There are 2 protein chains.
Amino acid sequence: MRRVYVVGVGVSRVDRRFSDSLRSLFAEASLKALDDAGNPSVDAVVVANMMSSRLQEQDSLASLLADSIGLRGRMGFKVETACGSGGSAIIAGYSLVASGLANVVLVGGVEKMSDYPTKTVTRALAQAADAEYELFYGASFAGLNALVTRMYMMKYNVKHEVMAEWPVLMHENGYMNPYAQLRFKVTVEDVLKSPVIADPVRLLDCSPLGDGAAAVVLASEDYARRLNDAPVEIAGLWQATDCLDLASREEIIGLKATRIACEKAYRMARVDARDVDVVELHDAFTIMGLLSLEEMGFAPRGEAAKLVAEGRFRVGDKPQVNLSGGLKARGHPVGATGVYQAAEIVMQLRGDFPGLKASKAEVGVTENIGGTGASVSIIVFRR
Amino acid sequence: MRRVYVVGVGVSRVDRRFSDSLRSLFAEASLKALDDAGNPSVDAVVVANMMSSRLQEQDSLASLLADSIGLRGRMGFKVETACGSGGSAIIAGYSLVASGLANVVLVGGVEKMSDYPTKTVTRALAQAADAEYELFYGASFAGLNALVTRMYMMKYNVKHEVMAEWPVLMHENGYMNPYAQLRFKVTVEDVLKSPVIADPVRLLDCSPLGDGAAAVVLASEDYARRLNDAPVEIAGLWQATDCLDLASREEIIGLKATRIACEKAYRMARVDARDVDVVELHDAFTIMGLLSLEEMGFAPRGEAAKLVAEGRFRVGDKPQVNLSGGLKARGHPVGATGVYQAAEIVMQLRGDFPGLKASKAEVGVTENIGGTGASVSIIVFRR
């Protein structure tokens, strides 16, 4: 297997970007990434997106977007695993390079949710869950996360005021990130007093709705050496599925797909959880952030919130988690999120992240979830 | 690059299958393919589908479908390039095996269009074209193909009665195929008298709306040798894009993406057009079948219809084209079509295709188009 490197990254500011389109957002991030990589010749474009088919009524997205940045004619396809599309697209792009089919691949994630009523977007997001077994009965995506949150709180006797330390930390981190969507600090009291979305989940437990695009340029070893003095290697990666509906799971309070993907990706990279310096994980809701910390090996079961409250996971700790502000504060442009995470980890390892900088970072990991844990990709990066 | 083989194939009957779901169709084809392969342990599932997000309001399709056939936990993602999704999914699956990330990959395509009013399906299919530059102005997918048809007829002075030989041949072939959707013969007169869909395209120039699923099992060389006495090799493949909207094309009467993809795939397989024994190409409309024959190197420009009328491309000729009946008669369950084509070519090379059998078949090629030529994958198979 050929080694694969990230030779360029680009992100756009996450926000309600009413005056932008899928095309303009994608171009903004992709052209930055290609510029960062020294504008190499690109063999293939892998696009990550969840909702364009439903919201923009547009399929064939890869042809559309490749052409929009002057890459007409290149190989191009879209990869979708709902909110986990970005991580899965990087895996598809990685294997194009690792196999030798391509030397340079642009992986770009994009999502555009503004311009549509919240009700429409909420329904579109719910398509990440099981349409026949869950949505038909009136479940929303927040509702399913509320169910997991309630069970977690009861099983481990965790109070909401302790869990609320997570969004507080994320807003602190996001406050420093120039392209984060929510750049303000909040207190535990703010979280507990914010409107109920799906009891016990409150507004400040949820990632916001926003638009954005991110891109990474992957290259084989010889191309990477030519393009970049210090390319970041993708040292290991895997993606695992779980069943889509919560009711059929072996366990509801947990992320089995995260465990499977971590085990495979860590082994491939020859690291374990203790080696990881910096992490971007998928906190679409507070509960997903806490479960991810536990399943990735950074906290014992039921204790993630307590560790956050005790001051762990900040700059200088090991690992340093979601210095971008995470989905909670950087934002969650759904299909693009996994690509944002990869770009952020690469910038942390290179030392040029524009927000809070990790104090020491050689090994970084991203975790990108689709559905309520139905698809999880883990990618290990090494400087 | 590791060599990749097809060790199992499975197809379901294409039809208006009102009593089937995405789950049941996918399971039917996938379990057949896995059984055909000797039920190996599967590392990853790549799903090809275009319309579930719009019609079934279901994303996260790979997690859902992997779980439905007992493959919960495996890697799984969806690949989309509109009507070309099947071919692109095979390329993604191929690179997972060729890179060494996976040893055995199931690629399954599925589409379900019945249960919805024709108007809804027509609108969903149109999403293969450019929503902002074409659909906004009222274009349908048949309308765009009509435009290309008219220009082709004018430029090369080809009469509709000559072009109509294509659907006549496809219905002859499909008549022999037990899982084809349209199993009846038609005459040139039938084609010319069938209702106008978008002038000059008539009903019998169009592939029908239908449901179906197809699957292929890909394996690395060592796994393939263990699983199968005579696995079929994927000797070359590529996918190329073109711009989505017709108006921005360098040429409208032609398939530049087919030319690019053929050149790369033929070179990788070390074959040229004269070496090809058997072909399944993407005749969603008569014009696409004829242009494909020309762009793949089997007919001079503007002469494909004349060659068909002269009796070419039948059993015993070189190449033998669309013995399945093609999209016209086998049917076109959109996201699954490219996987049907691959399964059909593999069966022709093995000698166990249940319909019209090729007389001599060592090298086979599939061509799968997304949009009106905006994405084309070419796959070369060798016995």
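Since the structure is predicted, the reported quantities are computational estimates derived from the model, not experimental observations. (Residues numbered from 1 in each chain as written. Chains lettered and ligands numbered in written order. Predicted model: local features only at pLDDT ≥ 70, side-chain atom pairs only at ≥ 80, totals over all residues. Heavy atoms only, no water.)

In this section: the overall build of chain A. Across its full length, chain A holds 14 helices and 12 strands. Buried positions account for 68% of the 383 residues belonging to chain A. Long-range contacts, defined here as pairs at least 24 residues apart, represent 77% of the contacts in chain A between residues at least 6 apart. Entry remark: accessible area of chain A is about 11,800 Å², with carbon and sulfur atoms responsible for 50%. If you average the places of the 42 positive and of the 46 negative side-chain charges in chain A, the two averages end up 2 Å apart. (Helix = DSSP H or I, 4+ residues; strand = E, 2+ residues; numbered from the N terminus. Buried < 20%, exposed > 50% of the residue type's maximum accessible area, 1.4 Å probe, protein only. Contact = heavy atoms within 4.5 Å. Areas by Shrake-Rupley, 256 points an atom, 1.4 Å probe, with all protein chains shown as cover. Lys, Arg positive; Asp, Glu negative; His and termini not counted. Charge placed at Lys NZ, Arg CZ, Asp CG, Glu CD.)

Our next topic: the environment of Val-276 of chain B. Residues and elements named next belong to chain B. Position of Val-276 relative to the elements: it lies in the loop between helix H10 (256-269) and strand E9 (278-280). Take Val-276: its relative accessible area is 0%, and that puts it in the buried class. When the C-alpha atoms of Val-276 and Ser-99 are compared, they prove to be 27 Å apart, with 177 residues separating the residues in sequence. For Val-276, the contacting residues outside a window of four places in its chain are Phe-298, Lys-318, Pro-319, Val-363 and Val-365.

Another point: the environment of Val-278 of chain A. With respect to the helices and strands, Val-278 of chain A occurs in strand E9 (residues 278-280). With sequence-adjacent residues up to four places away left out, Val-278 of chain A is seen in contact with Pro-319, Gln-320, Ile-345, Gln-348, Leu-349, Ala-358, Ala-361, Val-363, Gly-364 and Val-365 of chain A.

What follows deals with the environment of Arg-183 of chain A. All names here are of chain A. Looking at the element boundaries, Arg-183 is found in the loop between helix H7 (165-175) and helix H8 (188-193). On a C-alpha basis, the gap between Arg-183 and Glu-172 in space is 8.3 Å, while along the polypeptide they are 11 residues apart. Other than its neighbours up to four places away in sequence, Arg-183 contacts Gly-174, Tyr-175, Met-176, Asn-177 and Pro-178. Polar contacts involving the side chain of Arg-183 include one to the main-chain carbonyl oxygen of Tyr-175, which spans 2.8 Å. One polar contact links the side chain of Arg-183 to the main-chain carbonyl oxygen of Asn-177, over a distance of 3.1 Å. (Polar contact = N/O pair within 3.5 Å; in protein donor to acceptor, adjacent residues only side chain to side chain.)

On average, residues of chain A score 97 in pLDDT, and 100% of them reach the 70 mark or higher. Scored as a whole, the predicted complex attains pTM 0.98, and scored at its interfaces, ipTM 0.98. (pLDDT = per-residue confidence, 0-100.)

Here the focus is the interface of chain B and chain A. Each side of the interface is counted separately: chain B has 65 residues, and chain A has 65 residues. Across the interface of chain B and chain A, roughly 5,000 Å² is buried in total on both sides, 50% from carbon and sulfur atoms. Along the contact surface separating chain B from chain A lie 33 residue pairs in polar contact (both at pLDDT 80 or more). Elements that contribute at least two residues to the side of chain B that touches chain A include exactly helix H2 (61-68), strand E3 (75-80), helix H3 (85-99), helix H4 (118-126), strand E8 (232-241) and H10 of chain B. Top contributing element to the side of chain B that touches chain A by residue count: H3 of chain B, with 8 residues. Here the residues of the side of chain B that touches chain A are counted per class, giving 30 nonpolar, 19 polar and 16 charged. Where strand E3 (residues 75-80) of chain A and E3 of chain B come together, 3 bridges link them in antiparallel fashion. Looking at E3 of chain B, one finds that Glu-80 of chain A is bridged to Lys-78 of chain B. (Buried area = accessible area lost by both parts, 1.4 Å probe. Nonpolar A, V, L, I, M, F, W, Y, C, P; charged D, E, K, R; others polar. Pairing = 2+ DSSP bridges.)

With that settled, the discussion passes to the side chain of Asp-277 of chain A. Residue and element names in this part refer to chain A. Mapped onto the fold, Asp-277 is located in the loop between helix H10 (256-269) and E9. On the basis of relative accessible area, Asp-277 is assigned to the buried category, the value being 3%. Within the structure, Asp-277 has its side chain in polar contact with the side chain of Lys-318 (distance 3.4 Å). Looking at Asp-277, its side chain comes within polar contact range of the main-chain nitrogen of Glu-362, at 2.8 Å. Beyond its immediate stretch of four places on either side in the chain, Asp-277 contacts Asp-317, Lys-318, Pro-319, Gln-320, Lys-360, Ala-361, Glu-362 and Val-363.

What follows concerns the relation of the copies chain B and chain A. In this structure, two copies of a chain are linked by a rotation about an axis accompanied by a shift along it. For the pair chain B and chain A, the best superposition has an RMSD of 0.0 Å and corresponds to a rotation of 180 degrees with a translation of 0.0 Å parallel to the axis. The transformation relating the two chain copies, once decomposed into turn and shift, fits a two-fold axis. Closest to the rotation axis within chain B is the C-alpha of Ser-99 of chain B, separated from it by 1.8 Å. (Least-squares fit on C-alpha atoms with pLDDT ≥ 70 in both.)

Taken as a whole, this structure holds 10 aromatic pairs over all chains when the rule is applied. On the basis of an interplanar angle of 80 degrees and a centroid distance of 6.2 Å, the ring pair of Tyr-179 of chain A and Phe-353 of chain A is categorised as edge-to-face. Taken together, the residues Tyr-179 of chain A in the loop between H7 and H8 and Phe-353 of chain A in the loop between helix H14 (337-350) and strand E11 (363-370) connect sequence positions 174 residues apart. Phe-353 of chain A sits in the buried class, given a relative accessible area of 1%. Feature note: the residues Tyr-179, Tyr-340 and Phe-353 of chain A constitute an aromatic cluster, connected by ring pairs. The aromatic ring of Tyr-223 of chain B is capped on one face by Arg-226 of chain B, whose charged end is 4.5 Å from the ring centroid. (Phe/Tyr/Trp six-rings, centres within 6.5 Å; stacked < 30°, edge-to-face > 60°. Lys NZ or Arg CZ within 6 Å of the ring centre and 35° of its normal.)

Residue and element names in this part refer to chain A. Of all 8 residues in helix H2 (residues 61-68), 6 are buried, a share of seventy percent or more. Within the sequence span of H2, burial applies to Leu-61, Ala-62, Ser-63, Leu-64, Leu-65 and Ala-66. Gly-70 sits one or two residues past H2 and shows a positive phi near 80 degrees.

Attention shifts here to the side chain of Ser-324 of chain B. Residue and element names in this part refer to chain B. Mapped onto the elements, Ser-324 comes out in the loop between strand E10 (320-321) and helix H13 (326-329). Accessibility expressed as a relative area gives 0% for Ser-324, which makes it buried. Within the structure, Ser-324 has its side chain in polar contact with the backbone nitrogen of Gly-326 (distance 2.9 Å). In this structure, Ser-324 is in contact with Asn-173, Gly-174, Asn-177, Ala-180, Glu-280, Arg-330, Glu-344 and Phe-353, ignoring residues within four places of it in sequence.

Residues and elements named next belong to chain A. For E11, a buried count of 8 out of 8 residues is recorded, marking the element as mostly surrounded by other parts of the structure. In E11, alternate side chains face the same way, and those of Val-363, Val-365, Glu-367 and Ile-369 on one face and Gly-364, Thr-366, Asn-368 and Gly-370 on the other are all buried. Bridge count between E9 and E11: 3 bridges; the pairing is parallel. The partner of Val-279 across the bridge, within E11, is Val-365. Of the strand pairs in this sheet, E11 and strand E12 (residues 375-382) are connected by 8 bridges, and their pairing is antiparallel. The residue bridging Val-365 from the neighbouring strand is Val-380, located in E12. The antiparallel pairing of E11 with E12 creates a hairpin that spans 4 residues between the two strands, and Gly-371 there sits at a positive phi of about 65 degrees.

What follows deals with unusual backbone geometry. A cis amide bond links Lys-318 of chain A with the next residue in sequence, Pro-319 of chain A, at an omega value of -5 degrees. Mapped onto the elements, Pro-319 of chain A comes out in the loop between helix H12 (304-309) and strand E10 (320-321). With omega at 10 degrees, the peptide bond leading from Asp-199 of chain B into Pro-200 of chain B counts as cis. For Pro-200 of chain B, the location among the structural elements is in the loop between strand E5 (196-198) and strand E6 (201-202). We note that Glu-57 of chain B has phi near 55 degrees; this positive angle belongs to a residue other than glycine. Using a relative accessible area of 27% as the deciding quantity, one classes Glu-57 of chain B as partly exposed.

Next up on the list: the pattern of salt bridges. According to the stated counting rule, one finds 64 salt bridges over all chains in the structure shown. The partner of Glu-280 of chain A in a salt bridge is Arg-330 of chain A, and the shortest N-O contact between them spans 3.6 Å. Within this pair, whereas Glu-280 of chain A is found in strand E9, its partner Arg-330 of chain A is found in the loop between helix H13 (326-329) and H14, the two being separated by 50 residues in sequence. Owing to a relative accessible area of 2%, Glu-280 of chain A belongs among the buried residues under this scheme. Residue classification places Arg-330 of chain A among the buried positions, given a relative accessible area of 0%. Taking the shortest distance from any N to any O, the salt bridge between Glu-295 of chain B and Arg-301 of chain B comes out at 3.2 Å. (Salt bridge = Lys/Arg side-chain N within 4 Å of Asp/Glu carboxyl O.)

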